[in-house]
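Residues per chain, in single letters:
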Amino acid sequence: MQFDKPAGTNPIDRLKVVGQPILRIDGQLKTTGQAMYAYEWHDPKTRYAYGYPVGSAIAKGSIKSIDTSMARKAPGVLAVVTALDVGERAKGKFNTVRLFGGRQIQHYHQAIAVVVAETFEQARAAAALVQVDYSEEQGSFALGKAMDTATKPETGDPDSSAGDFDAAFKAAPVTCEETYTTPDQSHAMMEPHASIAAWDGDDLSLWTSSQMIDWLRSDLATTLDINKEKIHLMSPFIGGGFGGKLFLRADAVLAAFGAKAAKRPVKVALPRPFVINNTTHRPATIQRVRIGAQSDGRITAIGHESWSGDQAGGQLEAAVLQTRLLYAGENRMTAMRLATLDLPEGNAMRAPGEAPGLMALEVAMDEMAEKLGIDPIAFRIINDTQVDPENPERPFSHRDLVGCLKLGAERFGWGKRGAPGSRREGNWLIGMGVAAAFRNNMVLPSGARVRLDDQGIVTVETDMTDIGTGSYTIIAQTAAEMMGVTIDKVGVQLGDSRFPVSAGSGGQFGANSSTSGVYAACVKLRDAIAQKLGFNSEDVVFENGQVLSGNRSVSLAEAAGPEGLLAEDTMQWGNLTETHQQSTFGAHFVEVGVDVATGETRIRRMLAVCAAGRILNPVTARSQVIGAMTMGVGGALSEELAVDTRRGFFVNHDLAGYEVAVHADVPHQEVIFMDETDPMSSPMKAKGIGELGLCGVSAAIANAIHNASGVRVRHYPITLEKLLDGLPDVA
């Protein structure tokens, strides 16, 4: 099916199942421990072996030799495979560095061997016996020192401009120019990267934890140098990813090579230090924001520059993209530069670009509002736009940032916010902060297969994944709505490469794209049923398990017959994303307390107001938003990968040293969804929500801290030592 014109009225609009607060259909499996995650897959008849990775002890250089003799003699060892054994391998399309193979070392903990043994403990002990002789080279590990050598990438649209920014900024009566920094951050998902590989001749079965089935399968085939059709990949449940499992990683490659060498199915789970140093992370940024405005608050010049780092051939952390679209301003410029660093690979992490970009822009907007003497919400509303500011002939498909700000201000009690440092409760300085939320709406082709059996049961098959987001449930709701049945009459099977290729989970495109693919398959199934029954497909109605046309009524079970019916289709996308800017919007409100003596910051309450098209399930959507808000708390107050700039690795490479926000850090959260649809986004009239909930949160916290204490911090995370010097004197 081709979606190339705005959606009209369709069966989804009935909202009998879609849009309803239905609890997760996979919830019982997860709460009872029956959901089978990658490493837990178990066949009692199979003797599994265990692989343990060996990572490089240097960050840059080459391997002179690897001595595995002691490891091979260790108890229980079945095989040892080294990077020298497999030789240099072709990189997958989505990999910046080699995952395994060859002499060159590109980053610390790059996989250089895997030891396979009868037990995990034996594999781990033997891995410590592998001796490696390196030729070490000096690396570059600090973004600040590499800024001067950063270059403009040839791809990725790094720069944009409109009008004459320099002249307008110079002429503006009120200006703000500041530099902000965000640190390297880890996905820190609960489930580590893990895979089980089993060979049957030249055919490989892989149970793995992957957000994108087809991407991983394709890149694994490239790395192993085998036909993609020889790989059967399964990932029915995923314990979190946040972008860290979008692409093929070392666990799958090591499991495949280890299983081939040991002639046994092999399990490999990356230890937590490998998850942080071997896989990917959100790169640090240095950002310069300049805003010029008239005294009435109208922005006349806005500029945003960003520097980030990655391995050679890597990609930008696109921190300026929201600045191109979020606020009006006739004269504009954005620029991004990329420095080559020898740290582990930088790549997508939840809301890549917008998350760190808004950590700077939305603080700059607050600083500018303060200089103007205008309320921060009023300043943002003055500069709202309904068209792409860089291309005014291109309107937004639907935009209600102003509605989010106004409703949030009313619900949060924004009118009680005082001047910085003016509100105190005992030893706590109390403040409120706000930030706009923005994330572009993206769609990808997505396929599904729908079966109808002689019991009236509808089964959906698609390689879409569920990373804890509720994909099982919203896909079931879509099929139930389209076929006119209750949700208990729908079965959903996900995460299997034998199923039609879906959009996968990532980039906030998964829910809207995958349900649209199910919609397309159901349209084809409805047509097949109508044709079989001799009904006019234009006036046929599917409801209550019946197919109705005029005064005729046939049950779905009867329509399916003994052999059942099957339909498959893929939703393809036209050019509506080109003719109209499609984005999601929101407003984050935060109240904090700052200890007047220690600078300790505590979140008191949080509110998110989101405008993201039709909400397919308010329960699972709320879960996505509150999880993202919690992630924003960590990003603002504690999350930072500490870089050893001598040796080139992340020092705090576990969940004890890398501090994420926990339940006690977030006492009260509220989420409001604006009642809206966007017919230009898809037949579902929905958009994404999972990343919007993060965008702007950290800035709202930074702004609240300033309102509480009077101290402006521009370098994240906002730890207490950055506040102490600016706090009031305490007797």
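Residues numbered from 1 in each chain as written. Predicted model: local features only at pLDDT ≥ 70, side-chain atom pairs only at ≥ 80, totals over all residues. Heavy atoms only, no water.

**Quick look at the pairing of strand β15 (residues 299-310)**
Taking burial as the measure, the 12 residues of β15 include 12 buried ones, the bulk of the element. Summarising the sheet, strand β14 (residues 285-293) and β15 pair through nine bridges and their orientation is antiparallel. Residue pairing across strands places Gln-287 opposite Ser-306, the latter belonging to β15. Here β14 hands over to β15 after five residues, with Gly-297 in that stretch at a positive phi of 100°. As defined by bridge partners, β15 adjoins strand β16 (residues 331-340) across 10 bridges and the pair is classed as parallel. Each residue of the ladder has a partner; that of Trp-307, found in β16, is Arg-337. (Buried < 20%, exposed > 50% of the residue type's maximum accessible area, 1.4 Å probe, protein only. Helix = DSSP H or I, 4+ residues; strand = E, 2+ residues; numbered from the N terminus. Pairing = 2+ DSSP bridges.)

**Examining the pattern of salt bridges**
Under the criterion given, the structure shown has 45 salt bridges. With a closest N to O distance of 2.8 Å, Lys-685 and Asp-13 form a salt bridge. On the criterion of sequence distance, the pair formed by Lys-685 in the loop between β32 (669-673) and α18 (697-709) and Asp-13 in the loop between β1 (2-3) and α1 (27-31) is long-range, its members being 672 residues apart. When its relative accessible area of 23% is taken as the criterion, Asp-13 is described as partly exposed. As a salt-bridge pair, Glu-136 and Arg-647 come within 3.0 Å of each other at their nearest N and O atoms. Taken together, the residues Glu-136 in strand β7 (residues 131-136) and Arg-647 in the loop between β30 (643-644) and β31 (649-650) connect sequence positions 511 residues apart. Classification of Glu-136 by relative accessible area gives partly exposed; the value is 42%. (Salt bridge = Lys/Arg side-chain N within 4 Å of Asp/Glu carboxyl O.)

**Here's the deal with the sheet that holds β14**
A sheet is described by the order of its strands in space; here five strands give the open sequence β8-β16-β15-β14-β9, paired in mixed fashion. On the outer flanks of this sheet lie β8 (160-162) and β9 (174-182), each paired with one strand and no other. Each adjacent strand pair in this sheet contributes to an overall mean axis angle of 10°, direction not counted. Helix-sheet contacts for helix α10 (residues 354-372) involve β9, β14 and β15, and the interaxial angle to β9 is about 150°. (Axes fitted to C-alpha atoms, helices over the stretch in contact; angles between N-to-C directions. Contact = heavy atoms within 4.5 Å.)

**As for the packing of aromatic side chains**
Taken as a whole and judged by the stated rule, the model has 16 aromatic pairs. Ring geometry for Trp-215 against Phe-247: centres 5.8 Å apart, planes inclined by 5°, an arrangement best described as stacked. Within this pair, whereas Trp-215 is found in helix α7 (residues 213-224), its partner Phe-247 is found in the loop between β12 (231-234) and α8 (250-262), the two being separated by 32 residues in sequence. When the centroid spacing of 5.7 Å and the interplanar angle of 40° are considered together, the rings of Phe-412 and Phe-589 count as tilted. Within this pair, whereas Phe-412 is found in helix α12 (residues 401-412), its partner Phe-589 is found in strand β28 (residues 583-595), the two being separated by 177 residues in sequence. When sorted by exposure, Phe-412 lands in the same class as Phe-589, which is buried. One aromatic cluster is present, formed by Tyr-37, Phe-237 and Tyr-472 through successive ring pairs. Just above the ring of Tyr-39 sits the side chain of Lys-267; from NZ or CZ to the centre is 5.3 Å. Above the face of the Phe-169 ring, Arg-290 is positioned so that its terminal group lies 5.8 Å from the ring centre. (Phe/Tyr/Trp six-rings, centres within 6.5 Å; stacked < 30°, edge-to-face > 60°. Lys NZ or Arg CZ within 6 Å of the ring centre and 35° of its normal.)

**Structural notes on the domain arrangement of the protein**
Size of an interface, as often reported, equals the accessible area lost when the parts are brought together. You can read the domains of the protein as domain 1 (2-35 + 443-578), domain 2 (49-138 + 187-281) and domain 3 (396-441 + 582-730). With both chains or domains summed, domain 2 and domain 3 bury close to 1,100 Å², and 67% of this area falls on carbon and sulfur atoms. The largest per-residue losses of area from domain 2 upon contact with domain 3 belong to Ala-188, Ile-276 and Asn-277, which jointly make up 37% of the total buried on that side. Our count for the contact surface shared by domain 2 and domain 3 stands at one salt bridge. The tally of links from domain 2 across to domain 3 stands at three residue pairs in polar contact (both at pLDDT 80 or more). In terms of residues, the side of domain 2 that touches domain 3 owes the most to one element, helix α9 (residues 272-277), which gives four residues. (Domains from an automatic or database assignment. Buried area = accessible area lost by both parts, 1.4 Å probe. Polar contact = N/O pair within 3.5 Å; in protein donor to acceptor, adjacent residues only side chain to side chain.)

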